[in-house]
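Coordinate analysis (summary)
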Amino acid sequence: MKLIFHFVVLCAVLHVAASEYDRERKDNTNSVADGMQGFGLEVTPTGKSVSTTTEVPRPLTTTTTTPKPKQPPFSPCKDVPSKVSGTYLIRLNNDSEPFEVYCEQEKFGGGWIVMQFRFDGSLDFYRGWNEFRDGFGDLNKEFWLGLEKVHRITRGRKHELMIELKDFNGTYKYARYDGFEIGSESDQYDLKDFGIYSGTAGDILFYNKGAKFSTKDRDNDEWPFIHCAKSYEGAWWHWDCSDTNLNGRYINATGRQSRYWLYFRYKNQELSYSRMMIRALE
């Protein structure tokens, strides 16, 4: 009887110990779970931990820049399809670099390359040889295109010349020649050809055929005692100080330093506007 009593007591002790162990194990498991949840992890029934923050992969993005279309260069202004006057690229041949010119596309049938434009006196034209050779000014304002460019343009194909003039009273006249070509720099950009005249301003270039270009720092005229470009303050194809001076001073006065075309009014009357243009005939 005493043996049975001791056996029952032993069983009771073992049951209590097992219960305590099971409770401690559950407490420890809960503590670990709480800690893992603190780090953003979820405890699953299998005891494995899975991250609750899933990183979504970003799609690959590529930035493409559409290149600005380049304006194709044309040969002369006559080949420009637009009927709007403005600056365009022209190419003289397939091997040459294109360069920018102002194309008059609306008057006289269009297709004209403007080589000189003066209308408000904002640009000083009393300059030296290198500047007249290379060109100066703004193609959208007053400018001189440049003798070298004009030589290269006119040497390869036949061109015509148009000169527009206007005085300070608003009287407009023009001179048109069915040919125009100038020589190279080694020829001092001499006036080789200007064709047959038509128009209302009078044929004053008749006296300048064959003349070399002169500037204030290069005297190529035929007058032995006077440097015409310097005395008249205007670079031009001076022969013996010619009867036209479209690159002279922009002043509203009569005198040899002013810009004039003698046959406009048969005196050296200042002009308020001049534009020289060339156009390919072939």
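From a predicted model like this one, the values you see are computed outputs, not experimental measurements. (Residues numbered from 1 in each chain as written. Predicted model: local features only at pLDDT ≥ 70, side-chain atom pairs only at ≥ 80, totals over all residues. Heavy atoms only, no water.)

Section: the side chain of Ser85
Stated formally: Counting from the N terminus, the helices are the DSSP runs of H or I reaching at least four residues and the strands are the DSSP runs of E reaching at least two. Accessibility here uses a 1.4 Å probe with only protein chains present; expressed as a share of the type maximum, an area under 20% marks a residue as buried, one over 50% as exposed, and anything in between as partly exposed. Pairing of N or O atoms within 3.5 Å defines a polar contact, subject to two protein rules: one partner must be a possible hydrogen donor and the other a possible acceptor, and residues neighboring in sequence count only if both atoms are side-chain atoms. The contact criterion used throughout is that any non-hydrogen atoms of two residues lie within 4.5 Å.
By the secondary structure assignment, Ser85 is in the loop between strand E2 (49-51) and strand E3 (86-90). Judged by relative accessible area, which is 17%, Ser85 ranks as buried. Side chain to side chain, Ser85 and Glu104 meet in a polar contact 3.1 Å long. When near neighbours in sequence (up to four residues on either side) are disregarded, Ser85 contacts Tyr102, Cys103, Glu104, Gln105 and Glu106.

A word on the state of the cysteines
Note the cut-off: Two cysteine sulfur atoms make up a disulfide if the distance between them is within 2.5 Å.
On inspection of all chains with the given rule, the structure shows two disulfides. Sulfur-sulfur distance for the disulfide between Cys77 and Cys103 comes to 1.9 Å. Across the S-S bond of Cys77 and Cys103 the torsion is about -75 degrees, and the bridge reads as left-handed. Taken as a pair, Cys77 in the loop between E2 and E3 and Cys103 in strand E4 (residues 99-104) lie far apart in primary sequence, 26 residues in all. Of the two residues, Cys77 and Cys103, neither departs from the other in class, the shared state being buried. Each disulfide pairs two cysteine sulfurs, and for Cys228 the partner residue is Cys241, the sulfurs being separated by 1.9 Å. Between Cys228 and Cys241 the sulfur-sulfur dihedral comes to about -95 degrees; the bridge is accordingly left-handed. With a gap of 13 residues between them, Cys228 in helix H4 (residues 228-231) and Cys241 in the loop between H4 and helix H5 (262-265) connect regions that are remote in the sequence. Taking relative accessible area as the criterion, Cys228 reaches 0% and is therefore assigned buried. Cysteine pairing in the protein follows 1-2, 3-4, where each cysteine in a disulfide is numbered by its order in the sequence.

Considerations on the layout of surface pockets
Our working definition: Any residue with an atom within 4 Å of a point lines the site, the site being either a cavity, points on a 1 Å grid over the protein atoms alone where a 1.4 Å probe fits but cannot get out, or a pocket, an open set with protein on both sides within 12 Å along at least 5 of 7 lines. Grid points are joined across faces, edges and corners, and a volume is the space filled by probe spheres set on the points. Residue polarity follows a fixed list, in which Ala, Val, Leu, Ile, Met, Phe, Trp, Tyr, Cys and Pro are nonpolar, Asp, Glu, Lys and Arg are charged, and the others, Gly among them, are polar.
Within this model, the largest pocket holds a volume of roughly 180 Å³. What lines the largest pocket is a set of 13 residues, among which Leu92, Asn93, Arg152, Ile153 and Arg157 lie closest to the centre. Broken down by element, the lining of the largest pocket gets its largest block of residues, four residues, from helix H3 (residues 147-156). Considering only residue class, the lining of the largest pocket consists of five nonpolar, four polar and four charged.

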